[in-house]
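What follows is the residue order along each chain.
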Amino acid sequence: MNCREYVEFLMAYVNDELPPDQADAFRQHISDCPPCINYLETYHDTLELEKRAYEEQEALFEEAPENLVKAILAARGEDKA
Ligand SMILES: [Zn+2]
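Just so it is clear, the structure is predicted and the values come from calculations on it, not from any experiment.

**Some points on the confidence of the model for the protein chain**
Okay, step 1: Summary statistics for the protein chain give a mean pLDDT of 86 and a share of 91% for residues scoring 70 or more.
Okay, step 2: For the protein chain, the element scoring lowest by mean pLDDT is helix α3 (residues 34–80), at 83; helix α2 (residues 20–31) scores highest, at 92.

Here it is as structure tokens:
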């Protein structure tokens, strides 16, 4: 596996979607390739940031439904009137 393949497989590896033999090749490559180790760490940081942003969005969504329901009910009321 070379570095370009590594990057291509990275997402599948992180998502546990690699077949065992490819996952092995992947781990073998990273055990001996500092740039890719760096890349993986950066990638993990990015994933963490995205996860946090996603969770913040989720939190916003959780507050939304009540207002949304009220808005829909209000809109329906206006339709009838
Ligand atoms: Zn590499």
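Okay, back to it.
**A closer look at α2**
Okay, step 1: Across its twelve residues, α2 extends 16 Å between first and last C-alpha, which sits within 8% of the 16 Å expected from 1.5 Å per residue.
Okay, step 2: Among the residues making up α2, those that are buried are Ala23, Phe26, His29 and Ile30. Along the axis of α2, the buried positions cluster into a sector of 125°, meaning they face one direction only. Among the exposed residues of α2, those oriented more than 90 degrees off its buried face are Pro20, Asp21, Gln28 and Ser31.

**Some remarks on the pattern of salt bridges**
Okay, step 1: By the definition in use, this model includes two salt bridges.
Okay, step 2: Linking Arg27 and Asp24 is a salt bridge whose minimum nitrogen-to-oxygen distance equals 3.1 Å. Separated by three residues within a single helix, Arg27 and Asp24 lie in helix α2, roughly one turn from each other.
Okay, step 3: Classification of Arg27 as partly exposed rests on a relative accessible area of 41%.
Okay, step 4: Judged by relative accessible area, Asp24 falls into the partly exposed class, the value being 46%.
Okay, step 5: Between Lys51 and Glu48 there is a salt bridge, and its shortest N-O distance comes to 3.9 Å. One end of the pair is Lys51 and the other is Glu48, both in helix α3 and three residues apart, which spans about a single turn.

The rules behind these values
- Residues numbered from 1 in each chain as written.
- Predicted model: local features only at pLDDT ≥ 70, side-chain atom pairs only at ≥ 80, totals over all residues.
- Heavy atoms only, no water.
- pLDDT = per-residue confidence, 0-100.
- Helix = DSSP H or I, 4+ residues; strand = E, 2+ residues; numbered from the N terminus.
- Expected span 1.5 Å × (residues − 1).
- Buried < 20%, exposed > 50% of the residue type's maximum accessible area, 1.4 Å probe, protein only.
- Arc of directions from axis to C-beta.
- Salt bridge = Lys/Arg side-chain N within 4 Å of Asp/Glu carboxyl O.

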